[in-house]
Amino acid sequence: MADGPAISRRSGVAPFIAMDVMRDATALESAGGRRVMHLEVGQPSTQAPRLVREAAARALDADRLGYTDALGLLSLRQRIARHYGERHDLDIAPERVAVTAGSSGGFILAFLACFDAGARVAIAEPGYPAYRNILMALGLTPVGIPVGPETRWSLTPELIDEAESRLGRIAGVLEASPANPTGTMLTPAALAALATSCQAQGRWFVSDEIYHGIVFGAETATALTSSSETIVVNSFSKYYCMTGWRLGWLVVPERLVRPLERLAQNLFIAPSSVAQAAGTAAFDATEELDANVARYAANRRLLLDELPKAGFDSFAPADGAFYLYADVRKLTNDSAEFCHRMLHEAGVAATPGLDFDPERGRHTIRLSFAGATADMKEAVVRLKDWLG
């Protein structure tokens with residue numbers, strides 16, 4: 001029998017373990033009727049704000065919801081630009097804003113517009129696994145740079161220069177603040193240092209700011225303040241509670257607008273029309289959204305106070321987002337096996353650190369506190385019982 005068509009090497013990127021854990025947890029609930037505490041996936045447990053849902057309903061009733069411009073509705077691009085004036089006192093031209101199919105679509109467009117095949121792009125380890133996997137799928141070379149407490153779990157210009165001296169030219173740098181999985185934020189000065197260093201060295205700087213709005217006392221800055229060449233990626237998924245709507249945006253230098261538009265036309269045609277109509281209303285729902293952030297803050301405090309009593313006593317600084325990144329080397333040398341047992345024996349789903357750090361992640365796990373406070377309390381009780 002003849003062999004079938006060859007499978008592209010792009011299909012060989014690593015799995016997104018958090019989604020695999022969610023699938024297994026859902027299957028466990030369906031098969032046994034047992035309720036699992038979901039601390040594995042980073043998505044809000046609340047629905048989109050009322051104003052967003054109402055705007056979507058109006059669009060469904062009144063609009064034929066055809067294609068929009070490839071870079072999005074002008075009204076939404078204008079509202080996003082206005083947001084930067086309100087939050088950061090920046091005058092951003094709406095033409096520099098590109099609406100995307102979630103932040104994932106934004107990363108794909110930015111990487112394709114900025115980098116030639118094989119280009120090296122520096123990312124922090126631990127870091128969001130889709131960075132590495134998208135880069136590899138596009139024929140680019142992720143350069144994982146280990147970070148830890150000595151740099152507050154963030155990249156620095158010195159670390160990037162050292163990596164370039166060993167490996168060759170680094171064409172770009174991708175950093176998140178607040179970060180996934182750690183929740184750690186760059187100080188405004190550290191963020192500015194990265195952005196200006198990249199501009200001076202002729203590297204693209206991609207700033208992942210999708211967790212802006214979810215912070216716990218830390219000062220929030222955007223890289224747009226520091227460099228005109230920065231590419232900012234943001235999303236309606238996290239603060240705005242619109243994960244399933246698949247809507248995000250980019251802010252890019254003017255010279256990238258037309259290349260991005262051509263790519264978007266061919267790859268995505270246009271972002272979702274109904275999601276764009278709804279997203280325009282999201283910026284006026286801050287009262288409801290900030291109430292969610294207050295709940296995340298209470299969940300964070302609860303876990304930081306109670307998890308040490310269950311044996312989890314070492315965390316990266318959780319300045320923002322809704323994650324705790326825990327060092328569990330006192331409990332296990334195999335975080336994947338540990339999370340499997342935690343799910344099946346305690347009914348608590350968490351993500352092993354191998355998702356975020358292929359080398360050191362066997363000693364770490366990520367816990368999401370985006371859910372209901374009652375679920376956080378129940379998870380703590382179960383973990384205390386499980387670990388004795």
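Residues numbered from 1 in each chain as written. Predicted model: local features only at pLDDT ≥ 70, side-chain atom pairs only at ≥ 80, totals over all residues. Heavy atoms only, no water.

Caption draft 1: Spotlight on the sheet that holds strand β5 (residues 172–176). Taken in spatial order, the seven strands make up an open sheet running β2-β8-β7-β6-β5-β3-β4, and their pairing is mixed. In this open sheet, the two edge strands, each paired with only one partner strand, are β2 (97–100) and β4 (141–146). Strand-to-strand twist across the sheet, computed as the mean angle between neighbouring axes with direction ignored, equals 20°. Relative to strand β8 (residues 248–251), β2 runs antiparallel, the two being bridged by four bridges. Of the residues in β8, the one forming a bridge with V97 is V251. (Pairing = 2+ DSSP bridges. Helix = DSSP H or I, 4+ residues; strand = E, 2+ residues; numbered from the N terminus. Axes fitted to C-alpha atoms, helices over the stretch in contact; angles between N-to-C directions.)

Caption draft 2: How the structure looks around the pattern of salt bridges. Applying the stated criterion across every chain yields a total of 24 salt bridges. Between E86 and R82 there is a salt bridge, and its shortest N-O distance comes to 2.9 Å. Taken together, the positions of E86 and R82, both in helix α3 (residues 74–88) and four residues apart, correspond to about one turn of that helix. A relative accessible area of 47% means that E86 is categorised as partly exposed. Judged by its relative accessible area of 46%, R82 falls in the partly exposed class. A salt bridge links R203 to D161, with the shortest nitrogen-to-oxygen separation between them at 3.0 Å. Of the two residues, R203 is situated in the loop between α7 (188–201) and β6 (204–208) and D161 in helix α6 (residues 157–167); the sequence distance between them amounts to 42 residues. (Salt bridge = Lys/Arg side-chain N within 4 Å of Asp/Glu carboxyl O. Buried < 20%, exposed > 50% of the residue type's maximum accessible area, 1.4 Å probe, protein only.)

Caption draft 3: Expanded view of the layout of surface pockets. Taken as a whole, the largest pocket encloses approximately 380 Å³ of empty space. Looking at the largest pocket, it is lined by 23 residues, and the ones nearest its centre are G42, Y128, K238, T243 and R246. Contributions of two or more residues to the lining of the largest pocket are made by α1 (17–32) and α4 (102–114). Along the lines of polarity and charge, the residues of the lining of the largest pocket split into 10 nonpolar, nine polar and four charged. Volume-wise, the second largest pocket comes out at about 250 Å³. Breaking the lining of the second largest pocket down by element, the ones donating at least two residues are β1 (37–38) and α12 (373–387). Looking at the lining of the second largest pocket residue by residue, the class counts come to nine nonpolar, five polar and three charged. (1 Å grid on protein atoms, 1.4 Å probe; cavity = no way out; pocket = protein on both sides within 12 Å on 5 of 7 lines; lining within 4 Å. Points joined across faces, edges and corners; volume = space filled by probe spheres on them. Nonpolar A, V, L, I, M, F, W, Y, C, P; charged D, E, K, R; others polar.)

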